[in-house]
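For reference, the chains in residue letters:
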Amino acid sequence: MKTMYYLLAICASILLSCKKTNIEEEKPVPQDKPATETPSELKNGLWFWGGLGPISYYDRDGHQLGSDWEAAREYYFTEQNKKGKLEFYQYLGTRSASNCVTEIFTKKTGTTVFEGNKFTFHPISGTFTTVKKGCSTNGTTTRNAEPKDLQPDTWLWKIKDFEEVKRLYIYDIKDTGMDDPVFVYKFVGL
């Protein structure tokens, strides 16, 4: 399981490296989007969460085909002229008993507003790509995010050290005691 976690982290890093290497070269933060300075412990940091399903599928010859689901998410916080920016990536993959594989890749970019232990992500743009292999319909479709997909998300957050690694704990905005994290991201680099 630990090996698979590291493989997912490597895949996420590869995906991130395929994009522009410096987010500040991109378009400036739009004036109509709220943004505050990014806290130093998050700035220029890549934070990753990933997991694999507990059940694996095998073909008729006994060869392992893979897990029935996989999921990974990452945040990449940066800043431009003291205005916080965020790139969010998410991968969801499912495999049916008939070996139909569906993969969904999400990318959103936008600004961030930090207020103490609360942050709001204001998406500006995004894409959703679906890849189907071995299904009744195969192929790749991509669509741009629509206004309903670009609504702000607000979370509570804190950094903790766990197993000698910095971790970003994300909580539902209603969990004011920060008792039940929704996601725990591992710091994987700058």
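Our structure's up above, just so we're on the same page.
So, here's what we can say about the structure. Since we're looking at a predicted model, the values are computed, not measured. (Residues numbered from 1 in each chain as written. Predicted model: local features only at pLDDT ≥ 70, side-chain atom pairs only at ≥ 80, totals over all residues. Heavy atoms only, no water.)

## Structural notes on the overall build of the protein
Cut-off, in case you're wondering: Counting from the N terminus, the helices are the DSSP runs of H or I reaching at least four residues and the strands are the DSSP runs of E reaching at least two. Type-normalised accessible area, obtained with a 1.4 Å probe on protein chains alone, sets the label of each residue: buried when under 20%, exposed when over 50%, and partly exposed for intermediate values. Whether two residues touch is decided by their heavy atoms; if any such pair falls within 4.5 Å, the residues are in contact. Using a 1.4 Å probe, accessible areas were evaluated by the Shrake-Rupley method; residue-level cover was limited to the displayed protein chains.
Across its full length, the protein holds 1 helix and 11 strands. Along the protein, helices (α) and strands (β) appear in the sequence α-β-β-β-β-β-β-β-β-β-β-β when read from the amino end. The buried share among the 190 residues of the protein stands at 42%. Looking at the protein alone, contacts between residues at least 24 apart form 53% of all its contacts between residues at least 6 apart. Accessible surface, the protein as shown: approximately 11,000 Å² in total, 53% of it carbon and sulfur.

## Re unusual backbone geometry
Residues other than glycine seldom take positive phi values, yet lysine 82 does so here, at roughly 65°. Mapped onto the fold, lysine 82 is located in the loop between strand 4 (69–80) and strand 5 (83–95). We classify lysine 82 as exposed; its relative accessible area is 55%. In this model, glutamate 163 sits at a positive phi of 55°, which is unusual for a non-glycine residue.

## Looking at the pattern of salt bridges
Threshold: One speaks of a salt bridge when a side-chain nitrogen belonging to Lys or Arg is within 4 Å of a carboxyl oxygen belonging to Asp or Glu.
Counted under the stated rule, the structure contains 6 salt bridges. Two residues, lysine 133 and glutamate 103, come together in a salt bridge whose shortest N-O distance is 3.2 Å. Here lysine 133, found in strand 7 (residues 118–133), pairs with glutamate 103, found in strand 6 (residues 101–115); they are 30 residues apart in sequence, far enough to count as distant. For lysine 133, a relative accessible area of 44% gives the class partly exposed. Looking at glutamate 103, the relative accessible area reads 14%, which means it is buried. The salt bridge partner of glutamate 146 is lysine 148, with a shortest N-O separation of 3.9 Å. Residue class for glutamate 146 comes out partly exposed when judged on its relative accessible area of 37%. Lysine 148 gets classed as exposed once you look at its relative accessible area, which sits at 61%.

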